[in-house]
Amino acid sequence: MKSITVIGCGIVGLTSAIKLQEKGFEVTIIAKERFDKTLSSKVGAIWFPFEIHPKKEANKWAALAYQEYLQDVKEGNGVALIPFITAYNSESNTDWTNLLTKETVRKASPEELPKGIASAFISTVPLAEPLLYLPYLFNRFIVNGGLFKEQKITSLQEASNLNTLVINCTGLGAKEICNDDDLRPMRGQILRCKKMDIPSCADSTKKGALSYVINRSTDCVIGGTDYENDWNTNIEKSDTDLIINRLIDGGLSRKKPEILEQLVGLRPKRSAVRFEFDENYPNVFHNYGHGGAGFTVAWGCAIELAKFV
């Protein structure tokens, strides 16, 4: 059996590892931290192609991932199909609506629109709750014979020496490993709150003013921020106040949410996802730079990756 090494234990690394196992590879994951310490564990994780390029490839990966999630709706693993209101304007990329059937997406009527949103789609999309789904995937990887090793990789040379074939799924960590000037952080701060009796929705039509609500099985995620080139990982009270004010001023809630936890994560933003073999280290395949759409496209990238190798 051929062996392969995946660097990174977030949603992209785990899905890549599992699809490679299904192709008959013996897979080892090497990462500086386990899945529960990665960016993937901190996000809302709903299917929505947000801030990811190129558009054509992203749409293809998202469509493949949607189908994978349909097969993965199982009791206790955190995957469910939920209604989601998504705002749009003349500048929005609405190609994702063409990936869904007529039964799963439609334009919202005026009375269905949250306050402050002029136009929106209502769609049925997968939600993968990280606190349930990531442990499920990691266990699936281990049960399939996978090995996990905690180790920080700091250069492409070091990565190349890990195995005859190496998959780089390190997200923002690839900036150091690859000296990638095109890769930059997009800071997101969110509030994990007690469940609220309000619809799950997102409004990304205003640059720098991302706003969303995602109701999950036991809690609610309210966001957020989308600050580019911001490396700040501290909780900022000003952002917490901003998120709450948007929620109330937008008419979604009349009262402040009961906050359980405040979280900050740095999304790996890039002009285009890097999905290719390295020119100088031909045994290294790069799969990073998925912006705010890691959970949306990870399975699709993993499926294509398994075909390539």
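Predicted, not measured: the structure shown is a model, and the values here were computed from it. (Residues numbered from 1 in each chain as written. Predicted model: local features only at pLDDT ≥ 70, side-chain atom pairs only at ≥ 80, totals over all residues. Heavy atoms only, no water.)

Engineer: Would you mind going over the pattern of salt bridges in detail, with residue names and values included?
Structural biologist: If you walk through the whole model with that rule in mind, you get 24 salt bridges. For lysine 55, the salt bridge is made with aspartate 95, and the minimal N-O distance between the two is 3.5 Å. With a gap of 40 residues between them, lysine 55 in helix α2 (residues 55–71) and aspartate 95 in the loop between β3 (79–87) and β4 (105–107) connect regions that are remote in the sequence. Between glutamate 304 and lysine 60 there is a salt bridge, with the nearest N and O atoms lying 3.3 Å from each other. Residue glutamate 304 is found in helix α7 (residues 294–308), and its partner lysine 60 is found in helix α2; the two are separated by 244 residues along the sequence. The class of glutamate 304 is buried, set by a relative accessible area of 13%. For lysine 60, a relative accessible area of 35% puts it in the partly exposed group. Each of Lys19, Glu22, Glu68, Asp72, Lys74 and Arg140 takes part in one network of salt bridges that share partners. (Salt bridge = Lys/Arg side-chain N within 4 Å of Asp/Glu carboxyl O. Helix = DSSP H or I, 4+ residues; strand = E, 2+ residues; numbered from the N terminus. Buried < 20%, exposed > 50% of the residue type's maximum accessible area, 1.4 Å probe, protein only.)

Engineer: An account of the packing of helix α1 (residues 11–22) against helix α3 (residues 130–143) is requested, with residue identities and associated values reported.
Structural biologist: Packing of α1 against α3 leaves a shortest axis separation of 10 Å and a crossing angle of 30 degrees. Helix-helix and strand crossings are classified by hand; for α1 and α3 the assignment is left-handed. Residues Ile11, Leu14, Thr15, Ala17, Ile18, Gln21 and Glu22 of α1 lie in contact with α3, whose contacting residues are Tyr133, Leu134, Leu137, Phe138, Arg140 and Phe141. Within the contact of α1 with α3, the residues separate by chemical class into nine nonpolar, two polar and two charged. (Axes fitted to C-alpha atoms, helices over the stretch in contact; angles between N-to-C directions. Left-handed = near helix turned anticlockwise from the far one by under 90°. Contact = heavy atoms within 4.5 Å. Nonpolar A, V, L, I, M, F, W, Y, C, P; charged D, E, K, R; others polar.)

Engineer: Explain the packing of aromatic side chains to me, and be specific about the residues and the numbers.
Structural biologist: Each aromatic ring pair is described using two quantities: the centre-to-centre distance and the angle formed by the ring planes. Applying the stated criterion to the full structure yields 16 aromatic pairs. Taking the centre distance of 4.5 Å and the plane angle of 25 degrees together, the rings of tyrosine 88 and phenylalanine 121 count as stacked. Of the two residues, tyrosine 88 is situated in the loop between β3 and β4 and phenylalanine 121 in strand β5 (residues 120–128); the sequence distance between them amounts to 33 residues. Judged by relative accessible area, phenylalanine 121 falls into the buried class, the value being 10%. Between phenylalanine 275 and phenylalanine 285, the aromatic rings sit 5.0 Å apart at their centres with planes inclined by 90 degrees, giving edge-to-face as the arrangement. Taken as a pair, phenylalanine 275 in strand β14 (residues 274–277) and phenylalanine 285 in strand β15 (residues 284–288) lie far apart in primary sequence, ten residues in all. (Phe/Tyr/Trp six-rings, centres within 6.5 Å; stacked < 30°, edge-to-face > 60°.)

Engineer: Quick rundown of the sheet that holds strand β2 (residues 26–31)? Include the residues and the values.
Structural biologist: Strands belonging to one sheet form pairs held by backbone hydrogen bonds; the direction of such a pair is parallel or antiparallel. Read across the open sheet, the six strands follow the order β6-β2-β1-β7-β15-β14; overall the sheet is mixed. Strands at the two margins of the open sheet, each flanked by one partner only, are β6 (147–150) and β14. Averaged over neighbouring strand pairs, the angle between their axes works out to 20 degrees when direction is ignored. Relative to β15, β14 is paired through four bridges, and the arrangement is antiparallel. (Pairing = 2+ DSSP bridges.)

Engineer: Run through the environment of valine 27, naming residues and quoting values.
Structural biologist: As for its placement among the helices and strands, valine 27 is situated in strand β2. Note on valine 27: relative accessible area 1%, which makes it buried. Distance from valine 27 to glycine 300, taken between C-alpha atoms, is 19 Å for residues 273 residues apart in sequence. Look past the residues within four positions of valine 27 in its chain and what remains in contact with it is Ile4, Val6, Ala17, Leu20, Gln21, Phe141, Gly146 and Leu147.

Engineer: Explain α7 to me, and be specific about the residues and the numbers.
Structural biologist: For α7, spanning 15 residues, the distance from its first C-alpha to its last is 20 Å, which sits close to the expected 21 Å at 1.5 Å a residue. Counting buried positions along α7 yields 13 of 15 residues, so the element is predominantly enclosed. (Expected span 1.5 Å × (residues − 1).)

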